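Spelled out, the chains give:
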2 protein chains.
Amino acid sequence: MALALAGGVGGAKLALGLAGILPPDRLAIVVNTGDDEQFHGLHVSPDLDTMAYTLAGLYNQETGWGLAGDTFQTLGMLHRLGADTWFNLGDIDFAMHIRRTELLREGATLSEATAELTGRLGIKHRIIPMSDDPVRTMLDTDAGLLAMQDYFVRRRAEPRVSAVRYAGAETARPAPGFAEALRQADTIIICPSNPYLSVAPIMAIPGVREAIEARRADCIAVSPIVGGAAVRGPAGKIMAELGGEVSVVGVAREYRSICAALVIDAQDAGRADDVAAAGVRPIIADTIMNTDADKIGLAERVLRLAAAEVTTA
Amino acid sequence: MALALAGGVGGAKLALGLAGILPPDRLAIVVNTGDDEQFHGLHVSPDLDTMAYTLAGLYNQETGWGLAGDTFQTLGMLHRLGADTWFNLGDIDFAMHIRRTELLREGATLSEATAELTGRLGIKHRIIPMSDDPVRTMLDTDAGLLAMQDYFVRRRAEPRVSAVRYAGAETARPAPGFAEALRQADTIIICPSNPYLSVAPIMAIPGVREAIEARRADCIAVSPIVGGAAVRGPAGKIMAELGGEVSVVGVAREYRSICAALVIDAQDAGRADDVAAAGVRPIIADTIMNTDADKIGLAERVLRLAAAEVTTA
């Protein structure tokens, strides 16, 4: 069984590829919930929804968030009613947040609500929140301490980051499905997601980093940094601000305690030796996923690599 | 100052007329909240919203509910997500319920939330819920005890009604603005709304019926029954099922303890003597309000009548 750890768009792309190859009982997809936020009294889980919309074929590839064909009537009226509407939420999207909030208020855990919502969307694979307990990614910046969406969406990732914290992580537990997948997985895949804002929140849950470090030989990451910049989002900017090297080598240093291999893009082939010197086995592949064939191709490569790792272990 | 008591569409039409004549400080509009219901975890106040949409010029005259130009993307997705979606809620409409629910959860009273929402819609006149406490109109029917929306919308008012109850009314208090208006009003107008489902819930709040009975000479009702049938909705059907006469005379009997005069439609002129015999002064007018001019016209007639009443009292 494979366990994929993912955050936003890049992670969802690789997860779609993995789900196209592995049957539902052989893949568990654990998703960052450190970005979760209350908007208009509703529980919004951006990464869970990006994953759900991607796997259900509903994702809006043009905007990079939300659902294809969505409209914004509800948000327009909320603005008129005096609500803060800097976070874009479409009419169809609102239904997810309304229903999730209702299920949570009725006593469901976030895992249970996610299973119900994704099942209704026809998704057969398990999408599991990293925790049913609230963990909130907070950024120390030159504009003060900011929650993730405030930093990323409202302020367009412009403030300079000096530290990232995961509020609530110290008392959070892995969601039951995550704990089970950690025990059962023979392969762990760290999807190309933001190391600080998507992967680190998952690692911050007590016991998770230790469990993955203990399985390091079975863990493969895909670099979200290609050609010295993030494929998408603020990972490169934050990496530089935190004093790291914005490159696959920086990613290798970030992940070396948790994974034995790092898939790097062909355009970073020249840094393979440096990745190896950082203590992580470099694997060169085409990692830019534009088409579904790209996603399946990279997923196949990662899974073959994992099988080889297991074989040679 | 005038105090108008109203329920749904008919009440909102007359209130629009009254608001076209009286400045905001001379009119208080108190609205039934016995129809309020939780849908998808959101607080929906159908009569408050019908009033707000009507006064803001947003009301959908074609469907008879909701907002003009509204769409149904959120509801469609909620259906897909397994929610019960028999109660129609549009995308723009959802914003009202989302924002109201958020304000209530933050500690606002329903009065405060209503003032905030209606103010944001540019409504200058006070729209006041009958109570900030929950009152729920429940119908004893041959299909069991039904909440108002279940009876009216889901079951299309088809079950036979044997009694109407107002759950929670015994411990409810009039909203502060309603209590103040009851003290200050020199005219009380009962709009053409359902006597059992719109007006009676207001009267069921302790102290309200007594206060209005004490002001009976200043209270004028407009009949929601015209030509032996309700202009709109199930008022006639319920009236018959409860053993009343479906006519302006039946309305006069229903209201005789609370109002001195009843405006009846010209087509009911032949029943004027019977209305008088029931103990209520009949006033003949054109009460069908199709155009805004109709609404202003009827409102003017009612207000002139009220002034005359006060003069001759």
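On a predicted model such as this, the values are computed, not experimentally measured, just so you know.

A look at the sheet that holds strand β5 (residues 126–129) of chain A
Residues and elements named next belong to chain A.
Logical step 1: The strand order across the open sheet formed by seven strands is β5-β2-β1-β9-β10-β13-β14, and the pairing between neighbours is parallel. Each edge of the open sheet carries a strand with a single partner, namely β5 and β14 (281–285). The sheet shows a mean angle of 25° between the axes of neighbouring strands, direction not considered.
Logical step 2: In the sheet, strand β10 (residues 219–222) pairs with strand β13 (residues 261–265) via three bridges, with the strands oriented parallel. Paired with Val222 across the bridge in β13 is Val263.
Logical step 3: The strands touched by helix α2 (residues 46–55) are β1 (2–6), β2 (27–31) and β5; relative to β5, the strand with the most contacts, the crossing angle is about 175°.

Brief notes about the confidence of the model for chain A
Detailed conclusions should not be drawn from predicted coordinates in areas where pLDDT is low.
Logical step 1: Here chain A shows a mean pLDDT of 94. Residues at 70 or above account for 98%.
Logical step 2: What the predictor reports for the complex is a pTM of 0.94 with an ipTM of 0.93.

Some remarks on unusual backbone geometry
Logical step 1: One non-glycine residue, Arg156 of chain A, lies in positive phi territory at about 50°.
Logical step 2: Within the fold, Arg156 of chain A resides in the loop between α6 (148–154) and β8 (161–167).

Topic: the nonpolar core
Logical step 1: If you look at the biggest cluster of nonpolar residues, it comprises 207 residues, and the most contacted ones within it are Leu262 of chain A together with Leu262 of chain B.
Logical step 2: Contacts of Leu262 of chain A, omitting those with residues within four sequence positions, involve Ala221, Ser223, Val248, Val251, Ala252, Tyr255, Val275, Val280, Pro282 and Ile283 of chain A.

Thoughts on the packing of helix α1 (residues 9–21) of chain A against α2 of chain A
Helices that pack against each other are described as a pair by the angle of their axes relative to one another and the distance between those axes.
Residue and element names in this part refer to chain A.
Logical step 1: Between α1 and α2, whose axes approach to 9 Å, the crossing angle comes to 40°. Here α1 is positioned oblique relative to α2, judged by the angle of their axes. Seen along the crossing, α1 lies across α2 with a hand that is right-handed. Between α1 and α2, the residues in contact are Val9, Ala12, Lys13, Ala15, Leu16 and Ala19 and Thr50, Met51, Thr54 and Leu55, respectively.

Quick look at the pairing of strand β7 (residues 144–147) of chain A
Residues and elements named next belong to chain A.
Logical step 1: For strand β6 (residues 136–141) and β7, the ladder comprises four bridges, and the chain directions are antiparallel. Across the sheet, the residue bridging to Met138 is Ala147, located in β7.
Logical step 2: Hairpin connection between β6 and β7: a loop of two residues separates the two successive antiparallel strands.

Focus on the sheet that holds β8 of chain A
Sheets are built from strands that pair by backbone hydrogen bonding, the pairs being arranged parallel or antiparallel.
Residue and element names in this part refer to chain A.
Logical step 1: Sheet architecture is open: three strands sit in the order β7-β6-β8, paired in antiparallel fashion. With partners counted over all chains shown, the strands left at the sheet margins are β7 and β8, one partner each. Across the sheet, the mean angle separating the axes of adjacent strands is 25° when strand polarity is ignored.

Focus: the relation of the copies chain B and chain A
One chain copy maps onto the other through a rotation about an axis and a shift parallel to that axis.
Logical step 1: Structural alignment of chain B on chain A gives an RMSD of 0.0 Å, achieved by rotating through 180° and translating 0.0 Å along the axis. Seen this way, the second copy is the image of the first under a two-fold rotation axis. Closest approach to the rotation axis within chain B is made by the C-alpha atom of Asp91 of chain B, at a distance of 3.1 Å.

Details of helix α7 (residues 176–184) of chain A
Residues and elements named next belong to chain A.
Logical step 1: Buried residues of α7: Gly177, Phe178 and Ala181, and no others. Projection of α7 onto a plane perpendicular to its axis shows the buried side chains occupying an angular sector of 100°, all on one side.
Logical step 2: Residues of α7 that are buried make contact with β1, β2, α5 (110–120) and β5.

What to know about the interface of chain B and chain A
Reports of interface size often rely on the accessible area that becomes lost once the parts have come together.
Logical step 1: Chain B puts 23 residues into the contact, and the matching count from chain A is 23 residues.
Logical step 2: Those elements that provide at least two residues to the side of chain B that touches chain A are α3 (73–80), α4 (91–105) and α5 (110–120) of chain B.
Logical step 3: Considering each element in turn, the side of chain B that touches chain A owes the most residues, nine residues, to α4 of chain B.
Logical step 4: The class makeup of the residues in the side of chain B that touches chain A is 10 nonpolar, seven polar and six charged.

A short note on the environment of Leu42 of chain A
Logical step 1: Within the fold, Leu42 of chain A resides in strand β4 (residues 42–44).
Logical step 2: A sequence separation of 46 residues divides Leu42 of chain A from Asn88 of chain A, and the C-alpha atoms of the two residues are 13 Å apart.
Logical step 3: Ignoring anything within four residues of it in the chain, the contact list for Leu42 of chain A reads His97, Ile98 and Thr101 of chain A together with Ile98 of chain B.

Here we look at the packing of helix α4 (residues 91–105) of chain A against α5 of chain A
All names here are of chain A.
Logical step 1: Relative orientation of the contacting elements α4 and α5 amounts to 135°, with a least axis distance of 9 Å. The pairing of α4 with α5 is recorded here as oblique in orientation. Here α4 and α5 pass one another in a crossing that is right-handed. Contacts between α4 and α5 involve Met96, Arg99, Arg100, Leu103 and Leu104 on the former and, on the latter, Leu110, Ala113, Glu116 and Leu117.

Thresholds applied
- Within each chain, residue numbers correspond to sequence positions counted from 1 in written order.
- To read the labels, note that chains go from A and ligands from 1, taken in the order they are written.
- Totals for whole chains, interfaces and linings use every residue, but because this is a predicted model, local features are given only for residues with pLDDT of at least 70 and side-chain atom pairs only at 80 or more, for both listing and counting.
- Here, a strand pair is defined by DSSP locating no fewer than two bridges between the strands.
- For the purposes of this entry, the term helix denotes a DSSP run of H or I that reaches at least four residues, the term strand denotes a run of E that reaches at least two, and both are numbered from the N terminus.
- In this description, a line fitted to the C-alpha atoms serves as the axis of each element, helices being fitted only across the stretch in contact, and the angle between N-to-C directions of two axes falls anywhere from 0 to 180 degrees.
- Contacts are defined on C-beta atoms placed from the backbone: any two residues whose C-beta positions lie within 7 Å are in contact.
- The pLDDT value tells you how sure the predictor is about a given residue, anywhere from 0 up to 100.
- In these notes, a nonpolar core means any group of buried Ala, Val, Leu, Ile, Met, Phe, Trp, Tyr and Cys residues linked to one another through C-beta atoms within 7 Å.
- Exposed residues have 12 or fewer other C-beta atoms within 10 Å of their own C-beta, buried residues have 20 or more, and residues in between are partly exposed; the C-beta atoms are placed from the backbone.
- Put simply, angles under 35 degrees are roughly parallel, angles over 145 are roughly antiparallel, angles from 65 to 115 are roughly perpendicular, and the rest are oblique.
- The crossing is said to be left-handed when, going from far helix to near helix, the turn is anticlockwise and less than a right angle, and right-handed when the turn is clockwise.
- Least-squares fitting of one copy onto the other uses the C-alpha atoms of those residues that reach a pLDDT of at least 70 in both copies.
- Throughout, the arc means the angular range of directions from the helix axis out to the C-beta atoms.
- Classification used: nonpolar for Ala, Val, Leu, Ile, Met, Phe, Trp, Tyr, Cys and Pro, charged for Asp, Glu, Lys and Arg, polar for all others including Gly.

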